[in-house]
Amino acid sequence: MSEITVAQQYGIGYLPLMIMQEQSLIEKHAKAAGLGELKVGWRKFAGSNVANDALLSGNLQFAAVGGAPLITMWAKTRGSIDVKGVAAVNSMPFYLNTRNPNVKSIKDFTETDKIALPSVKVSVQAVTLQMAAEKAFGEKDAHKLDSLTVSMAHPDAMIAMLSGRGEITSHFTSPPFQYQELQNPAVHTVLKSYDVLGGKSTFVVVWATSKFREANPKTFAAFLAALKESIDYINEDKKRAAEIYVKATKGKEPVESILKMLNDPEIEYTMTPKNLMKYADFLYKIGSIKVKPASWKEMFFPEIHQLSGS
């Protein structure tokens, strides 16, 4: 292909993609591989459901989305277009924040509360909430809080919750938005994803179709090399990476604040998938997927199978 399209979402979870775009890294590696002037288009989506549709329609070649939606897409497309993970992008915690002082745990939510997240039922936040609900209410009630969730892009959800008006009282979010919300004394955290997963877990992955990879092996390899270079760049120069994020997002957050987040030991930029099998086991148990992967490697292309994933 002479032109590809890559999709990402909002927040520092997608910083490697922003660096790839800002520094034209895919184009650089494509040229080095003898592909000439590859044209790369970039799109931004509010949630994984929209990215799924674009990928299925062939309008998208690579999508950066949450780890749990990858598992759903892998299971749904087996034997057809065979969506698989290219690599993980990072491990980072995401918080369920609220401005409702009466909500101390997820058991305290009532019908008057609405929880904003990227995509109802399918986003990594939605699935993590289901896992937490199962622990809190019992195996039959994993979907107990689904009716309270509303699909909304993180920047819009943050504005809606902090405004104190309207139905959005809570936001299952991601960095940097969760930390920005907590600067407001009226906001507190109800739940953290790492507590639900029992440790570090992959937040963002990139996926593609087997059909695209087989037809465009050099382009696939150029993308993977660009992703690795961008992750290495962040780990080697976090201050410069923070500056790129602020510039790319036209954000008002000081570079120092973003740098502090990037230096948080809970936030790790890595291509190694972590704790994804816990999502797979859960999704299979509640019937959201009909087939369970034998290991994380079954859901990812072989180029990263040498990594010690989980």
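Structure's up top.
The rules behind the values
Residues numbered from 1 in each chain as written. Predicted model: local features only at pLDDT ≥ 70, side-chain atom pairs only at ≥ 80, totals over all residues. Heavy atoms only, no water. Buried < 20%, exposed > 50% of the residue type's maximum accessible area, 1.4 Å probe, protein only. Helix = DSSP H or I, 4+ residues; strand = E, 2+ residues; numbered from the N terminus. Contact = heavy atoms within 4.5 Å. Core = buried A, V, L, I, M, F, W, Y, C linked by side-chain atoms within 4.5 Å. Pairing = 2+ DSSP bridges. Axes fitted to C-alpha atoms, helices over the stretch in contact; angles between N-to-C directions. Phe/Tyr/Trp six-rings, centres within 6.5 Å; stacked < 30°, edge-to-face > 60°. Lys NZ or Arg CZ within 6 Å of the ring centre and 35° of its normal. Right-handed = clockwise from strand over helix to strand, strands pointing away. 1 Å grid on protein atoms, 1.4 Å probe; cavity = no way out; pocket = protein on both sides within 12 Å on 5 of 7 lines; lining within 4 Å. Points joined across faces, edges and corners; volume = space filled by probe spheres on them. Nonpolar A, V, L, I, M, F, W, Y, C, P; charged D, E, K, R; others polar.

(A) Region of interest: helix α13 (residues 276-285). Buried residues of α13: Leu-276, Met-277, Tyr-279, Ala-280, Phe-282 and Leu-283, and no others. Against the buried residues of α13 lie α4 (67-77), α5 (124-137), α8 (193-197) and β10 (202-209). Two residues or fewer past α13, Gly-287 is found with a positive phi of approximately 85°.

(B) Region of the structure containing the nonpolar core. Among the nonpolar cores identified, the biggest contains 100 residues, and Ile-26, Phe-62, Phe-223 and Tyr-279 are the most heavily contacted of them. By size, the runner-up hydrophobic cluster in this structure holds 6 residues, among which are Ala-116, Ala-157, Ile-168 and Val-187.

(C) Up close: the sheet that holds strand β3 (residues 62-66). As summarised here, the arrangement of the 5 strands in space is β2-β1-β3-β10-β4, forming an open sheet in which the pairing is mixed. At either end of the open sheet lies a strand with only one pairing partner, and these are β2 (39-44) and β4 (83-91). The average undirected angle you get between the axes of adjacent strands in this sheet is 25°. Bridge count for β3 against β10 is 4 bridges, and the pairing is antiparallel. Bridged to Ala-63 within β10 is Trp-207.

(D) Structural context of the pairing of strand β8 (residues 168-172). Burial within β8 is extensive, with 5 of its 5 residues counted as buried. Bridge count between strand β6 (residues 114-117) and β8: 3 bridges; the pairing is parallel. From the neighbouring strand, Ala-116 faces β8, where its bridge partner is His-171.

(E) Quick peek at the packing of aromatic side chains. For the coordinates displayed, the defined rule picks out 9 aromatic pairs. Judged by centre distance (3.9 Å) and plane angle (5°), the ring pair of Phe-62 and Phe-223 falls under stacked. Residue Phe-62 is found in strand β3, and its partner Phe-223 is found in helix α10 (residues 217-236); the two are separated by 161 residues along the sequence. Looking at Phe-223, the relative accessible area reads 0%, which means it is buried. These aromatic residues form a ring-pair network of at least three members: Phe-62, Phe-212, Phe-220, Phe-223 and Phe-301. We note Lys-144 situated over the ring of Phe-137; from NZ or CZ to the ring centre the distance is 5.2 Å. Geometry around Phe-220 places Arg-213 over its ring, the cationic atom sitting 5.6 Å from the centre.

(F) Quick look at the pairing of β6. Here β6 shows a buried face lined by Lys-114 and Ala-116 and a second buried face lined by Ile-115 and Leu-117. Summarising the sheet, β6 and strand β7 (residues 149-151) pair through 3 bridges and their orientation is parallel. Within β7, the residue paired with Leu-117 across the bridge is Ser-151. After leaving β6, the chain enters α5 and then returns to the sheet as β7, a path that is right-handed.

(G) Examining empty space enclosed by the protein more closely. On inspection of all chains with the given rule, the structure shows 1 cavity of 30 Å³ or more. Computed from the structure, the largest cavity encloses a volume of approximately 80 Å³. Lining the largest cavity are 12 residues, with Gln-9, Tyr-14, Gly-66, Pro-118 and Gln-125 sitting closest to its centre. Residues that form the lining of the largest cavity fall into these classes: 6 nonpolar, 6 polar and no charged.

(H) The arrangement of the sheet that holds β8 in detail. Taken together, the 5 strands give an open sheet; going across it, the order is β7-β6-β8-β5-β9, and neighbouring strands pair in mixed fashion. Edge positions in the open sheet fall to β7 and β9 (188-192), since each of these has one partner strand only. With strand direction ignored, the average angle separating the axes of adjacent strands in the sheet is 30°. Examined bridge by bridge, strand β5 (residues 95-98) and β8 share 3 bridges and lie antiparallel to one another.

Purely geometric numbers; function is a separate question.
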